[in-house]
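Coordinates in review
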Amino acid sequence: MLAHRLFVTGGWRQDFRQHTVSIADFEVTSIPSQEKVLNVHKQVLTDFGHRGRVTCLQVKQWADGNVMVVTGSAQGAVSRMRFRVPLAPGSALDQIQMVDPDTDTDAGILCRWQHCHTDTIAAVDINAEKQQVLTAGIDGQLHLLPLDWDPGSAASTSQTCYSDQKGYVSYFAAQWSSMDTFVTASTTGGLQVWDTRKRSCRQSDLKWGLTGAPQDIGKGTARQIYSVATHPSQPDKCVSGGSNETVAVWDLRFAAAPVAASTGKQNAGDVWQVQFDADYESGTAPSPPILFCTDDGNLCRVDWAGHGAAALNQMQDNEQQRYNSSSNGHVSDLLTEASTVHGFDVDGTDIVAVVEQECMCYIKRRSQTF
């Protein structure tokens, strides 16, 4: 069986000595009946020069085949590009059509869209329903950019700035949780949920620790949340990844402690990216499994079956020890490398991971039931 896995990456081209955004393809040859991969061939279809290092990247595909790519840079600029993918089964890769994001013509380019931050952009996320792009930076600013925003207009970026902490707070992560709400993680610790209809913000209770693990209590701001991911169908559920391989599943209504939490051993690496695992059936577990990668070279999965039940109820201080001992899920390693696993993405049961040593890893898993 032959399958293609299209993906977009940000990187560095040594031959051109410049940062790039590339559209590439994994051609996977496998025998499904034996759950065996025979060969994986990577092909770069096209790449574009990018001003500055790509610090974050978001891809969103619509039902009509249109794909929008938005990137953030270390210089505080947001860039975007569009292309169309053929929807008919068996379509060739040369049928992918680049589109100018501003004029909707076939002359597709990577456009530097808006220079709205004064420092590194930590996160970008596309709201397909509201046609807005959320950006969060270490300069303490949050911006909401309409997808039809004209970079050549006389309007200033102050009109797109949703919140400005004037550098007193730095944001590490941000993601939409519904059409009107998004969640952020910053140097203040915990999570913040913003409602664009009310222009309000709710903060998680820090009594559960800055990363959602009670073990953090009293340890100051040394431990932080560096990545968040919202549940695709449950807007009140979110997972975070932070210091010391800590991941936590939160109820964004903040009515109780995190639903479940897992923290690594002493001196474990920090979590760089976290995501709900789509390959599961809920069963009796309090939360779906979680995938995360760390700066010490691990790509892991956390299963919560039989764990964290005590955290589903509101708990008093004398119940904290029960939460500590029962909430850690079962962590299994999917990939172990000698250097940082920078990020990953999931397509069904397949995983593509990016490793610091200028390589990519393709993992094909069998479908599992929990």
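Residues numbered from 1 in each chain as written. Predicted model: local features only at pLDDT ≥ 70, side-chain atom pairs only at ≥ 80, totals over all residues. Heavy atoms only, no water.

Before going further, it helps to spend a moment on the sheet that holds strand β23 (residues 298-303). Read from one edge to the other, the open sheet built from 4 strands follows the order β21-β22-β23-β24, with strand pairing classed as antiparallel. Each end of this open sheet is capped by a strand with a single partner; those strands are β21 (271-276) and β24 (330-336). Sheet twist, expressed as the average angle between the axes of neighbouring strands with direction ignored, equals 20 degrees. Here 6 bridges tie β23 to β24, and the two strands are oriented antiparallel to one another. When the bridges of β24 are listed, Asn-298 appears paired with Thr-336. (Pairing = 2+ DSSP bridges. Helix = DSSP H or I, 4+ residues; strand = E, 2+ residues; numbered from the N terminus. Axes fitted to C-alpha atoms, helices over the stretch in contact; angles between N-to-C directions.)

A word on the state of the cysteines. Summed over the entire model, instances satisfying the criterion amount to 0 disulfides. Cys-161 takes part in no disulfide bond, and the closest cysteine sulfur to it belongs to Cys-116, at a distance of 8.7 Å. As a non-bridged cysteine, Cys-359 has Cys-361 as the owner of its nearest cysteine sulfur, 4.7 Å distant. (Disulfide = S-S within 2.5 Å.)

Before going further, it helps to spend a moment on the sheet that holds strand β13 (residues 171-176). Within a beta sheet, neighbouring strands are joined by backbone hydrogen bonds and run either parallel or antiparallel to one another. Taken in spatial order, the 4 strands make up an open sheet running β13-β14-β15-β16, and their pairing is antiparallel. Sheet topology places β13 and β16 (200-203) at the edges, where each strand pairs with a single neighbour. Strand-to-strand twist of the sheet, defined as the mean angle between neighbouring strand axes without regard to direction, takes the value 25 degrees. In this structure, strand β15 (residues 191-195) lies alongside β16, joined through 4 bridges in antiparallel fashion. Among the inter-strand pairings, Gln-192 is bridged to a residue of β16, identified as Gln-203.

Counting through the fold element by element, Asp-277 comes out in the loop between β21 and β22 (290-294). Within the structure, the side chain of Asp-277 is placed 2.9 Å from the side chain of Arg-365, a separation counted as a polar contact. If near-sequence neighbours (up to four positions away) are discounted, Asp-277 is found in contact with Pro-289, Ile-290, Leu-291, Arg-301 and Arg-365. (Polar contact = N/O pair within 3.5 Å; in protein donor to acceptor, adjacent residues only side chain to side chain. Contact = heavy atoms within 4.5 Å.)

For the coordinates displayed, the defined rule picks out 14 salt bridges. Between Asp-164 and Lys-166 there is a salt bridge whose closest N-O contact spans 3.6 Å. Judged by relative accessible area, which is 62%, Lys-166 ranks as exposed. For Asp-277, the salt bridge identified is with Arg-301, shortest N-O distance 2.1 Å. Residue Asp-277 is found in the loop between β21 and β22, and its partner Arg-301 is found in strand β23; the two are separated by 24 residues along the sequence. When its relative accessible area of 3% is taken as the criterion, Arg-301 is described as buried. Salt bridges sharing common partners tie together Arg-5, Asp-347, Asp-350 and Lys-364. (Salt bridge = Lys/Arg side-chain N within 4 Å of Asp/Glu carboxyl O. Buried < 20%, exposed > 50% of the residue type's maximum accessible area, 1.4 Å probe, protein only.)

A few words on the nonpolar core. In terms of nonpolar packing, the biggest core is built from 14 residues, with Val-239, Val-247, Val-274, Ile-290, Phe-292 and Trp-304 touching the most fellow members. Taken together, the elements giving at least two residues each to this core come down to β19 (247-251), β21, β22 and β23. Looking at which element gives the most residues to this core, the answer is β21, with 3 residues. Val-274 has contacts with Ser-227, Val-228, Ala-229, Val-239, Ser-240, Gly-241, Val-247, Ile-290, Leu-291, Phe-292 and Phe-344, leaving out every residue within four places of it along the chain. (Core = buried A, V, L, I, M, F, W, Y, C linked by side-chain atoms within 4.5 Å.)

Take the packing of aromatic side chains next. Within the structure shown, the criterion is met by 8 aromatic pairs. Ring centres 6.1 Å apart and planes at 15 degrees place the aromatic pair Phe-182 and Trp-194 in the stacked group. Of this pair, Phe-182 sits in strand β14 (residues 181-186) while Trp-194 sits in strand β15; the two residues are 12 residues apart in sequence, bridging distant segments of the chain. The buried category is assigned to Phe-182, whose relative accessible area is 0%. One aromatic cluster is present, formed by Tyr-162, Trp-176, Phe-182 and Trp-194 through successive ring pairs. Over the ring of Tyr-162 we find Arg-199, and its NZ or CZ is 4.5 Å from the ring centre. (Phe/Tyr/Trp six-rings, centres within 6.5 Å; stacked < 30°, edge-to-face > 60°. Lys NZ or Arg CZ within 6 Å of the ring centre and 35° of its normal.)

Any functional reading would require information beyond the geometric quantities listed.
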